[in-house]
Structures are given as structure tokens and as C-alpha cells.
Amino acid sequence: MDPKCKQMITKRQITQNTDYRLNPVLRKACKADIPKFCQSVLNKATADTELEGQVISCLKLKYADQRLSPDCEDQIRVILQESALDYRLDPQLQIHCTQEVHSFNV
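If you're wondering where the values come from, they're calculated on a predicted model, not measured in any experiment.

Parameters and conventions
- Residues numbered from 1 in each chain as written.
- Predicted model: local features only at pLDDT ≥ 70, side-chain atom pairs only at ≥ 80, totals over all residues.
- Heavy atoms only, no water.
- Helix = DSSP H or I, 4+ residues; strand = E, 2+ residues; numbered from the N terminus.
- Polar contact = N/O pair within 3.5 Å; in protein donor to acceptor, adjacent residues only side chain to side chain.
- Contact = heavy atoms within 4.5 Å.
- Axes fitted to C-alpha atoms, helices over the stretch in contact; angles between N-to-C directions.
- Parallel < 35°, antiparallel > 145°, perpendicular 65-115°, else oblique.
- Nonpolar A, V, L, I, M, F, W, Y, C, P; charged D, E, K, R; others polar.
- Disulfide = S-S within 2.5 Å.
- Buried < 20%, exposed > 50% of the residue type's maximum accessible area, 1.4 Å probe, protein only.

## Digging into the side chain of D19
Right, on to step 1. Tracing the sequence through the fold places D19 in the loop between α1 (3-18) and α2 (24-29).
Right, on to step 2. Here R21 takes part through its side chain, which lies 2.6 Å from a polar atom of the side chain of D19.
Right, on to step 3. Here D19 is in contact with T49, E50 and L51, once residues within four sequence places are set aside.

## A word on the packing of helix α4 (residues 54-64) against helix α5 (residues 70-85)
Right, on to step 1. Packing of α4 against α5 leaves a shortest axis separation of 10 Å and a crossing angle of 110°. In terms of their interaxial angle, α4 and α5 are classed as roughly perpendicular. Together, I56, L59, K60 and Y63 of α4 and C72, E73, I76, R77, I79, L80 and S83 of α5 make up the contact between the two elements.
Right, on to step 2. When its residues are assigned to classes, the contact of α4 with α5 shows seven nonpolar, one polar and three charged.

## Focus on the state of the cysteines
Right, on to step 1. Within the structure shown, the criterion is met by two disulfides.
Right, on to step 2. Here C30 connects covalently by a disulfide to C72, the sulfurs 2.0 Å from one another. Between C30 and C72, the S-S torsion sits near 95°, and that sign places the bridge as right-handed. Of the two residues, C30 sits in the loop between α2 and α3 (33-44) while C72 sits in helix α5, which places them 42 residues apart along the sequence.
Right, on to step 3. For C30, a relative accessible area of 0% translates into the label buried.

Written as C-alpha cells, this is what we have:
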């Protein structure tokens, strides 16, 4: 794959994982699961702020408990697989491990 193309795809994935509202496939697949399981995250959010991956993190927890609908589960599985290959695709990991990531990347 062309390096510039790969870089653009990674940037798009990072953006979509930062805020589920920017990922139309995930939004559609998880439209029932998000309010059911992650309402507390939604209640704290305002329309003009990024959610910093909190909804996706919430869905990942429910995925581990095997409580998601099949379509939502499929989308979260894809996100988990992709983020296993590149830590930048997990916004919560970046937030909570900033120092560690920086010390290993120097």
C-alpha cells in the first residue's frame, strides 16, 4: 500500500475512533446498544465536544460481557482488531498512557 494512502486511512480511523458520531457504520450497527449501555457517557457529553473514545470504550466493555447486538459486536470486533495493530486507534489508551507511549517512542 502506498505510504501516503496508509497514512490517510490511519488518520481517518483515529478520527472515527475518537468519536463514534464520526463513524456512520458503527453508529448504525450500534444504534440500539449505545443508548442502552452507554447513556451515562452520552449524558455527560455536549454536542460540540469530542467524546474521546468513551462510547467505544463503553461498547468494548459490553463486548467483553457478550451483551451487544450481533451487528454492533461485529463492528467492535473490527475496532479491537485494528487497535491491536496500532495504539493510536485507541483514544482512551492514548489519554491514559501518554507518558509511557512518549517514553517508548523517543
